[in-house]
Amino acid sequence: QAQAQAQVSDVIQTGKDMKRHPLAESVVQTKKSKQIETMTRDGESAAQSKKSAKALKKAQMQLLFPTVPKSLTRPIGKAISQFQMIQDGDRVVVGLSGGKDSLTLLHCLHSFQQRSPVKFDLAAVTVNPTFPGYDPSPLVTYLAQLGIPYFFETQDLMAEAKKMKPTSICSWCARMKRGILYTVARREGYNVLALGQHLDDFAESYLMSIFHNGKSQTMKAHYKNQEGDVRIVRPLAFTREYQTREFAVVHNLPIIQENCPACFDEPQERYRVKTLLAQQEHLFPHLMSNVKKAMLGLMTDASFASCVEPKHKATSEASPSA
């Protein structure tokens with residue numbers, strides 16, 4: 001028994017001697033170094049993958065939400081501030097036809113929403129009248145990618161127009177669409193409807209009213225609907241059409257062309273006035289600025305106190321234009 005214990009002690013001691021042997025220690029150290037190198041390499045690979053994933057996500061977000069230039073944020077911020085369009089706690093829904101103007105407006109308001117100390121909710125709504133030549137359905141996928149709440153309302157307005165036989169299909173259709181927008185705003189709990197008419201639209205309406213109605217009037221930048229439960233705002237009131245066109249084209253926004261077969265007279269007349277203004281602006285570069293000054297008082301709804309008596313901070317205070 002004593003001999004067996006001695007043999008066991010010799011084996012244990014031999015093992016300890018081997019561990020202390022320089023060659024054995026070198027082998028162990030080499031193994032440890034390789035393990036550390038592998039762990040480091042794996043860690044660096046994971047970090048690089050994480051970094052690449054972040055870069056990819058950032059690039060994707062940049063494509064979905066391109067940076068809005070100051071040339072757009074400044075006039076929009078000024079209009080929002082001057083007409084007190086958006087106030088703290090507002091729930092804003094954009095009337096999204098899919099045209100360059102409404103798409104640009106949606107991106108601009110989203111940019112303000114991210115940066116402004118004035119907190120407001122943002123959504124979009126599209127009315128699909130089922131007219132031939134107008135298919136806004138691609139907007140459904142696009143808005144899902146943006147992650148912005150979206151309402152897609154389909155109503156066969158052409159069939160209803162044939163039954164009603166209105167004097168002007170364009171005017172009747174516009175009123176019907178507006179009514180649907182109000183209905184969606186009420187149903188979904190939004191108190192502000194943002195529309196995409198720009199300064200050129202205001203100027204054209206101004207001249208058309210003078211030429212054809214003998215009245216000096218144009219659209220309002222901020223007003224309440226007849227029921228008084230929805231505020232209508234036009235944040236592009238100081239923005240030129242070429243600016244929205246440039247933003248939409250440069251950033252490849254999914255523009256939906258609208259070619260209503262029932263619309264003839266009014267679009268043609270608006271086009272004539274647009275051409276007239278362009279010709280005059282070529283001769284007088286400050287023309288649109290002067291027209292804006294002439295219209296300014298007409299753009300304000302004097303019956304709506306918040307338009308003329310600012311009581312809240314406007315989103316432009318946190319916009320790049322501030």
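Since the model is a prediction, treat every value here as computed from it, not as a measurement. (Residues numbered from 1 in each chain as written. Predicted model: local features only at pLDDT ≥ 70, side-chain atom pairs only at ≥ 80, totals over all residues. Heavy atoms only, no water.)

1. Describing the side chain of E153
So the rule is basically this: Secondary structure elements follow DSSP: runs of H or I of four or more residues count as helices, runs of E of two or more count as strands, with numbering from the N terminus. Any two residues whose heavy atoms approach within 4.5 Å at even a single point are treated as in contact.
By the secondary structure assignment, E153 is in strand β3 (residues 150–154). Sequence-distant contacts of E153, defined by excluding residues within four places in its chain, comprise V125, T126, V127, N128, I180, V184 and R187.

2. Notes on helix α3 (residues 70–82)
Put simply, the rule reads: Expected helix span is computed as 1.5 Å times (number of residues minus one). Per-residue accessibility, obtained with a 1.4 Å probe over protein chains only, is compared with the maximum for each type, and a residue is labelled buried under 20%, exposed over 50%, and partly exposed between these values.
Counted at 1.5 Å a residue, the expected span for α3 with its 13 residues is 18 Å, and the 17 Å between its end C-alpha atoms agrees. Within α3, the full set of buried residues consists of L72, T73, P75, I76, G77, A79 and I80. Of the residues one or two after α3, Q84 is the one with positive phi, at around 45°.

3. Observations regarding the packing of aromatic side chains
What counts, and what does not: Stacked, edge-to-face and tilted are the three classes for Phe, Tyr and Trp ring pairs, Trp counted by its six-membered ring, which pair at centre distances within 6.5 Å; planes under 30 degrees apart are stacked, over 60 edge-to-face, the rest tilted. Only lysine NZ and arginine CZ atoms are considered, and such an atom sits over a ring when it is within 6 Å of the ring centre and within 35 degrees of the ring normal.
Summed over the entire model, instances satisfying the criterion amount to three aromatic pairs. Taking 6.0 Å as the distance between ring centres and 65° as the angle between the ring planes, the aromatic pair formed by F151 and Y190 counts as edge-to-face. Here the residue F151 occupies a position in strand β3, and Y190 occupies one in the loop between α7 (169–188) and β4 (192–194), the gap between them amounting to 39 residues. Cation over ring: R91 sits above Y190, and NZ or CZ is 4.0 Å from the ring centre. Sitting over the face of the ring of F238, K292 holds its NZ or CZ atom 4.6 Å from the ring centroid.

4. Some details on the pattern of salt bridges
Stated formally: Each reported salt bridge corresponds to a side-chain nitrogen of Lys or Arg within 4 Å of a carboxyl oxygen of Asp or Glu.
Enumeration according to the criterion identifies 15 salt bridges in this entry. Its salt-bridge partner being D101, residue K100 comes within 3.5 Å of it at the nearest N-O pair. With respect to burial, K100 and D101 carry one shared label: buried. The network of salt bridges with common partners includes K100, D101, E204, E241, R245, R270 and K274.

5. A short note on the packing of helix α4 (residues 100–115) against helix α9 (residues 241–250)
Stated formally: Fitting a line to C-alpha atoms yields each axis, with helices limited to the stretch in contact; the angle taken between N-to-C directions then spans 0 to 180 degrees. Working rule for angles: under 35 degrees goes down as roughly parallel, over 145 as roughly antiparallel, 65 to 115 as roughly perpendicular, anything else as oblique. Amino acids are sorted into nonpolar (Ala, Val, Leu, Ile, Met, Phe, Trp, Tyr, Cys and Pro), charged (Asp, Glu, Lys and Arg) and polar (every other residue, Gly among them).
The geometry of α4 relative to α9 is characterised by a closest axis approach of 9 Å and an angle of 75° between their N-to-C directions. Between α4 and α9, the interaxial angle falls into the category roughly perpendicular. Of the residues in α9, those in contact with K100, D101, T104 and H107 of α4 are E241, T244, R245, F247 and A248. Considering only residue class, the contact of α4 with α9 consists of two nonpolar, three polar and four charged.

6. As for the pairing of strand β2 (residues 121–128)
Worth spelling out the cut-off: Paired strands, in this sense, are two strands between which DSSP finds at least two bridges. Look down the strands so they point away from you; if going from the first strand over the helix to the second traces a clockwise path, that crossover is right-handed.
Where burial is concerned, most of β2 is hidden: seven out of the eight residues are buried. Relative to β2, strand β1 (residues 91–95) runs parallel, the two being bridged by five bridges. When the bridges of β2 are listed, V93 appears paired with A123. Once the chain exits β1 it traverses α4 before rejoining the sheet at β2, and the crossover so formed is right-handed. Of the pairings in the sheet, the one linking β2 to β3 comprises five bridges and is parallel in character. If you follow N128 over to β3, its bridge partner there is T154. What joins β2 to β3 is helix α5 (residues 138–146), and the crossover it makes is right-handed.

7. Looking at the sheet that holds β1
Taking strand neighbours across the sheet as the criterion, the six strands line up as β3-β2-β1-β4-β6-β5 in an open arrangement whose pairing is mixed. Each edge of the sheet is formed by a strand with only one pairing partner; in this case those strands are β3 and β5 (222–224). Strand-to-strand, the axes of this sheet are offset by a mean angle of 25°, without reference to chain direction.

8. Digging into a nonpolar patch on the surface
Definition in use: Within this analysis, patches are made of residues with over 30% relative accessible area and no salt bridge. Like charges are joined at 9 Å or less; nonpolar side chains (Val, Leu, Ile, Met, Phe, Trp, Tyr) at 5 Å or less. Calculation of accessible area relied on Shrake-Rupley with a 1.4 Å probe; when residues are assessed, cover is drawn exclusively from the protein chains displayed.
Taken together, the side chains of I210, F211 and L276 make up a nonpolar region of the molecular surface, amounting to roughly 240 Å² of accessible area. Here F211 is to be found in helix α8 (residues 199–213).

9. Looking at the confidence of the model for the protein chain
Predicted coordinates in regions of low pLDDT should not be interpreted in detail. Spelled out, the test is: What pLDDT reports is the predictor's confidence in each residue, on a scale of 0 through 100.
Per-residue pLDDT for the protein chain has a mean of 84; in total, 79% of the residues score no lower than 70. Between residues 307–322, whose pLDDT stays under 50, and residues either more than four places distant or in other chains, the model counts 40 contacts.

10. Some points on the packing of α4 against α5
It is at 13 Å that the axes of α4 and α5 come closest, and there the two elements cross at 10°. Overall, the two elements α4 and α5 adopt an arrangement that is roughly parallel. Touching L103, L106 and H107 of α4 are L139, Y142, L143 and L146, all from α5. Residue classes in the contact of α4 with α5 are distributed as six nonpolar, one polar and no charged.

11. A few points about the environment of K177
With respect to the helices and strands, the residue K177 is situated in helix α7. With 48 residues separating them in the primary sequence, K177 and P129 have C-alpha atoms 8.1 Å apart. If sequence neighbours within four positions are ignored, K177 has contacts with V127, P129, L157 and E258.

12. Considerations on the pairing of β1
Summarising burial for β1: four of the five residues are buried, a large majority. By the bridge criterion, three bridges tie β1 to β4 in an arrangement that is parallel. Within β4, the residue paired with V93 across the bridge is L193.

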